[in-house]
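Remarks on the overall topology
Here's the letter readout for the chains.
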Amino acid sequence: MASTTSPRDHADRVPDPRQRLRAVGLRVTAPRLAVLDWLAGHPHATADEVATAVRQRLGTVSTQAVYDVLNACTRVGLLRRIEPAGHPARFETRAGDNHHHLVCRQCGRTEDVDCVVGARPCLDPSDTAGFEVDEAEVLFWGLCPDCRSTGAAPGSHAHHEEEGRA
């Protein structure tokens with residue numbers, strides 16, 4: 001019987017970034033390893049945050065090279081790109097499952113939240129217009145605890161900039 005798992009499914013179960021890259025047919029390079037390793041510990045990072053961290057680790061790496069890695073890894077499913085309206089795109093290594101996100105309206109802090117309804121797509125539209133729906137991407141918007149406690153004005157990033165998290 002033929003296997004119904006894809007190389008991408010196998011890559012999800014392999015913790016070693018080298019093996020994950022090989023499992024989806026990507027060459028193992030220092031920038032790819034640095035990006036995957038850093039994002040594993042810093043989910044929901046922007047491309048600029050990733051580029052800064054990769055440069056600290058490897059030295060000279062162009063911003064374009066980091067964008068290329070992010071795009072290649074997203075294309076093959078090793079990374080997930082999240083694009084909350086009004087905020088820069090963010091990347092995470094938690095890809096392939098059916099989770100959603102909480103996003104702070106003020107500072108952009110983003111947190112994972114497991115699907116509350118069940119299996120993919122977990123929500124059904126009232127009219128599919130002929131589409132075969134296989135996923136629902138849900139963003140929950142609100143104020144994070146830090147923004148609520150400081151009473152910062154909408155769009156203010158002051159308390160996170162002080163902490164180096166803006």
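As recorded in an unreviewed UniProt entry, the protein chain goes by Fur family transcriptional regulator, ferric uptake regulator and comes from Streptoalloteichus tenebrarius. Word for word, the UniProt comment on the protein chain under Sequence similarities (unreviewed entry) is "Belongs to the Fur family."

**Looking at the pattern of salt bridges**
Should the charged atoms of two oppositely charged side chains come close, the side chains can pair. What the rule picks out here adds up to six salt bridges. Each of Arg 94, Asp 97, Asp 112 and Asp 114 takes part in salt bridges that share partners, so that together they form one network.

**Here we look at helix 4 (residues 47-58)**
Taking 1.5 Å of rise per residue, twelve residues should cover 16 Å, and helix 4 covers 16 Å from first to last C-alpha, within 8% of that figure. The complete set of buried residues in helix 4 reads Ala 47, Val 50, Ala 51, Ala 53 and Val 54. Those residues of helix 4 that are buried lie in contact with helix 3 (30-41), strand 1 (45-46), helix 5 (63-75) and strand 3 (90-92). Just downstream of helix 4, Gly 59 is the residue with a positive phi angle, here 95 degrees.

**Re the packing of helix 3 against helix 5**
The interhelical angle for the contact between helix 3 and helix 5, taken along N-to-C directions, is 70 degrees, at an axis separation of 10 Å. When the axes of helix 3 and helix 5 are compared, the pair comes out roughly perpendicular. Facing helix 3, whose interface residues are Pro 31, Arg 32, Val 35, Leu 36 and Leu 39, helix 5 presents Val 66, Val 69, Leu 70, Ala 72 and Cys 73. By residue class, the composition of the contact of helix 3 with helix 5 is nine nonpolar, no polar and one charged.

**Details of the sheet that holds strand 5 (residues 110-114)**
Across the sheet, three strands lie side by side as 5-4-6; this open sheet has mixed pairing. What marks the edges here is a single partner per strand, and that holds for strand 5 and strand 6 (139-142). This sheet shows a mean twist of 25 degrees between the axes of neighbouring strands, independent of strand direction. Bridge count between strand 4 (residues 99-104) and strand 6: four bridges; the pairing is parallel. Paired with Cys 104 across the two strands is Gly 142, which belongs to strand 6.

Calculation criteria
Residues numbered from 1 in each chain as written. Predicted model: local features only at pLDDT ≥ 70, side-chain atom pairs only at ≥ 80, totals over all residues. Heavy atoms only, no water. UniProt positions renumbered as here; feature names shortened; annotations may be inferred. Salt bridge = Lys/Arg side-chain N within 4 Å of Asp/Glu carboxyl O. Helix = DSSP H or I, 4+ residues; strand = E, 2+ residues; numbered from the N terminus. Expected span 1.5 Å × (residues − 1). Buried < 20%, exposed > 50% of the residue type's maximum accessible area, 1.4 Å probe, protein only. Contact = heavy atoms within 4.5 Å. Axes fitted to C-alpha atoms, helices over the stretch in contact; angles between N-to-C directions. Parallel < 35°, antiparallel > 145°, perpendicular 65-115°, else oblique. Nonpolar A, V, L, I, M, F, W, Y, C, P; charged D, E, K, R; others polar. Pairing = 2+ DSSP bridges.

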